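Chain and residue survey
Read off the chains here:
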Amino acid sequence: EHWESAVRCKAERSLLKVMEAGCQVPLGVHTKVVNKNGEAQLSLACTVLSEDGDTSIHATMVGPADKPEELGQKLARKILLDGGKKILDSVNGADVEQVSARPNTYGSAEEPNIAARGPNSKPI
């Protein structure tokens, strides 16, 4: 397992999970591991856009690279509180009754896509 790739993936997936977002949502996430005073730090940035592109929310956070899930969750909560929830609700049709929901396609870095394939699935 490539350590840096796993750290970046864990942060991104935890952010997407808190935001309840998948590939159908207009948002972008960027991660980068940087060396700060001899310690590995993770920089995580996220932008959420309205469907027409007129409204966007952007935030960046930096935290310890050994706690990527916490950083992802923290940034997701900030984005949601800063207006991202309103954008995501309009994109997801929160005012429309859901007939069926497609499972989210994130999983864990160790077992990607397990949530989408079902709990009894084996890793690919």
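What you are looking at is a predicted structure, and each value in this text was computed from that prediction instead of being measured.

Before going further, it helps to examine the pattern of salt bridges. This structure, assessed with the given rule, holds three salt bridges. The shortest N-O distance in the salt bridge between D82 and K78 comes to 2.7 Å. Placement of both D82 and K78 in helix α2 (residues 68–92) is noted, with a separation of four residues, approximately one turn of the helix. Using a relative accessible area of 40% as the deciding quantity, one classes D82 as partly exposed. In this structure K78 comes out as partly exposed when scored by relative accessible area, which is 35%.

The next subject is the sheet that holds strand β2 (residues 39–49). One open sheet accounts for three strands, arranged β1-β2-β3; its pairing is antiparallel. Of all the strands in the sheet, the pair left with one neighbour each is β1 (27–36) and β3 (56–64). Ignoring strand direction, the axes of neighbouring strands in this sheet form an average angle of 15°. In the sheet, β2 pairs with β3 via nine bridges, with the strands oriented antiparallel. Of the residues in β3, the one forming a bridge with V48 is I57. Relative to the sheet, helix α1 (residues 3–19) contacts β1 and β2, its axis offset from that of β1 by approximately 140°. Contacts from α2 reach β2 and β3, with the element oriented near 170° to β3.

Conventions and cut-offs
Residues numbered from 1 in each chain as written. Predicted model: local features only at pLDDT ≥ 70, side-chain atom pairs only at ≥ 80, totals over all residues. Heavy atoms only, no water. Salt bridge = Lys/Arg side-chain N within 4 Å of Asp/Glu carboxyl O. Helix = DSSP H or I, 4+ residues; strand = E, 2+ residues; numbered from the N terminus. Buried < 20%, exposed > 50% of the residue type's maximum accessible area, 1.4 Å probe, protein only. Pairing = 2+ DSSP bridges. Axes fitted to C-alpha atoms, helices over the stretch in contact; angles between N-to-C directions. Contact = heavy atoms within 4.5 Å.

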